[in-house]
Amino acid sequence: MADPSERFPSDFVWGAATSSYQIEGAVDADGRGPSIWDDFCKVPGAISDGSDGAVACDHYHRMPEDVGLMAELGLQAYRFSVAWPRVLPQGRGPVNGPGLDFYDRLVDRLLAADIAPWITLYHWDLPSALQAEGGWVSRSTAEAFADYARVVAERLGDRVRHWTTHNEPWCASALGHLEGVHAPGIKSQHAHVASGHHLLLSHGLAVPVIRAAVPDARVGITLNLVPAEPASSSEADRDATERFDGWFNRWYLDPLRGRGYPNDMLARYRAERYIDDWSFIRPGDMETIAAPTDFLGVNYYTRAIIRSHTVPEALNGAPTVVAEGTPTDMGWEVYPDGLRQLLERVHRDYGPWPLYVTENGAAYATGPDADGRIADHARTAYLEGHIAACQAALRAGVPLKGYFAWSLMDNFEWAHGYEKRFGLVWVDYATQQRTPKDSALWYRDVIARGGLP
Ligand code: FCB
């Protein structure tokens, strides 16, 4: 066992992440157009507490204060997403200057505080106008995305070096178009596969566009990956695990690395007639998707333990067994070693590829005590375990370059509304007051020390 107090490489990047719809609020401000999340939140029952992102953390109006918080924590990088409908209210066409100005001010503030801005171009808030034309099921959205990427890169590329095209295309495709639990709330096998393809295609179209606008850009994509293991050694459980891995992980990793969609998954889908029409995959698309990237962002929260009888009938339900131990408020198992396993696997099967953990964190409701202190020990323990897993991966030779905690502050957790709190910083939604939790102060010390205590 190595010494846990060992330091991380001196150029290792320590950061925290958020996304536009989850924190900004101000949905009508300065010419922002509607997004599919504004629309989805209006669907009765879609959001468990009936809330929406209309105000959220009001970050749009409190951005200077929030950058001040980041500086207090000593963050070296801040991963945020740009709201496409602020920049292009109709999804394409006329640029909304005031919307783009917000990100310009944010970037300047960050740089003044010595915090590196890490931009994600798409964290799920598609302009509603594009959804009206079919959204990600339609190829034209992928083309519109490349134009949007150009607008943002041309404006901010003189100051922003790290560019991520997409956050978690699996979620946008499977949760949004198959399970219907995220915007746009579609439940269709065709929409599932077609949206996934167009998300990947849009990534491939945007990579050269960003490079053309930003000569020294580091361009990548972020995937949420889930290491899976069978619930038993039975042939059926092992097969179901292979399928889960193909559906969740390899479906995105393989094409990004120039291998096309996994053959075993294509064979399964064809045998089942999962979809009938594959014509949305056009000649040349797989080459476009395989555009070389500078890094992969990995979002890790938990693992999956797979039991066969849920597959394939409920392939897309919850094909997992609940593990032992106390889960987080999301019901997710705390399994830090899964992060080490995952990073080693991605490196072994898909490297060389510089890796960053672009999200990792836990939902716990712990709030202020009588003295106003937020003693969220469980979150600190979660972060500590996972940062130790990063250290173990580094020791095993994985080119891991940074770690971003999810999330800087409590925020709108999609279909769970405000009921799940992932923040290092507590947000009192009635007053919008921010209070760093104990975990934030602990993380500040980790950053200052360049490693675990
Ligand atoms: C990820 C999302 C992020 C947040 C965390 C908990 O899937 O990227 O927005 O919801 O999960």
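In the block above lies the structure referred to throughout.
Residues numbered from 1 in each chain as written. Predicted model: local features only at pLDDT ≥ 70, side-chain atom pairs only at ≥ 80, totals over all residues. Heavy atoms only, no water.

**Q** How should helix α10 (residues 235-256) be read in this particular structure?
**A** Because an α-helix completes one turn every 3.6 residues, residues spaced three or four positions apart along the sequence face the same direction. The end-to-end C-alpha distance of α10 is 30 Å, a good match for the 32 Å that 22 residues give at a rise of 1.5 Å each. Along α10, the helix axis deviates most sharply at Arg250, where the bend reaches about 55 degrees. Burial of α10 is extensive: 17 of the 22 residues sit out of reach of the surface. Positive phi shows up at Gly258, right after α10, with a value of about 80 degrees. (Helix = DSSP H or I, 4+ residues; strand = E, 2+ residues; numbered from the N terminus. Expected span 1.5 Å × (residues − 1). Bend = angle between axes of the 7 residues up to and from the residue. Buried < 20%, exposed > 50% of the residue type's maximum accessible area, 1.4 Å probe, protein only.)

**Q** Sorry, what's going on with the site of the ligand here?
**A** In the neighbourhood of the ligand, the contacting residues comprise Gln22, His123, Trp124, Asn167, Glu168, Tyr301, Glu359, Trp406, Glu413, Trp414 and Phe422. Glu359 is positioned such that a nitrogen or oxygen atom in its side chain is 3.0 Å from an oxygen atom of the ligand. For the ligand, the protein covers 95% of the area, taking 290 Å² as the surface of the free molecule. Here the shell around the ligand is composed, by residue class, of five nonpolar, three polar and three charged. (Near = heavy atom within 4 Å. Polar contact = N/O pair within 3.5 Å; in protein donor to acceptor, adjacent residues only side chain to side chain. Areas by Shrake-Rupley, 256 points an atom, 1.4 Å probe, with all protein chains shown as cover. Nonpolar A, V, L, I, M, F, W, Y, C, P; charged D, E, K, R; others polar.)

**Q** Please explain the packing of aromatic side chains as it appears in this structure.
**A** Aromatic rings considered in pairs are described by the distance between their centres and by the relative angle of their planes. Under the definition given, this model contains 44 aromatic pairs. Residues Phe8 and Phe12 carry aromatic rings whose centres are separated by 4.7 Å and whose planes lie at 50 degrees to one another, so their mutual orientation is tilted. The buried category is assigned to Phe12, whose relative accessible area is 3%. Taking 4.6 Å as the distance between ring centres and 45 degrees as the angle between the ring planes, the aromatic pair formed by Trp124 and Trp414 counts as tilted. Pair noted here: Trp124 is in the loop between β3 (116-122) and α6 (128-131) and Trp414 is in the loop between β10 (400-406) and β11 (425-428), with a separation of 290 residues, a long-range link. The same class applies to Trp124 and to Trp414, which are both buried. Taken together, the ring pairs connect Tyr21, Trp37, Phe40, Trp124, Phe412, Trp414, Tyr418 and Tyr429 into an aromatic cluster. Over the ring of Trp353 we find Arg257, and its NZ or CZ is 4.0 Å from the ring centre. Here the basic side chain of Arg303 rests over the ring of Tyr335, its NZ or CZ set 3.7 Å away from the ring centre. (Phe/Tyr/Trp six-rings, centres within 6.5 Å; stacked < 30°, edge-to-face > 60°. Lys NZ or Arg CZ within 6 Å of the ring centre and 35° of its normal.)

**Q** Would you mind showing me how to read the packing of helix α3 (residues 59-73) against helix α5 (residues 97-112) here?
**A** The relative placement of two packed helices is expressed as an angle between their axes plus a distance between the axes. The N-to-C vectors of α3 and α5 enclose an angle of 10 degrees; their axes lie 10 Å apart at closest approach. In terms of orientation, α3 and α5 fall into the roughly parallel class. α3 and α5 meet at a crossing whose hand is right-handed. Residue-level contacts link His59, Tyr60, Met63, Pro64, Val67 and Met70 of α3 to Pro98, Phe102, Arg105, Leu106, Arg109 and Leu110 of α5. Residues of the contact of α3 with α5, tallied by class, amount to nine nonpolar, one polar and two charged. (Axes fitted to C-alpha atoms, helices over the stretch in contact; angles between N-to-C directions. Parallel < 35°, antiparallel > 145°, perpendicular 65-115°, else oblique. Left-handed = near helix turned anticlockwise from the far one by under 90°. Contact = heavy atoms within 4.5 Å.)

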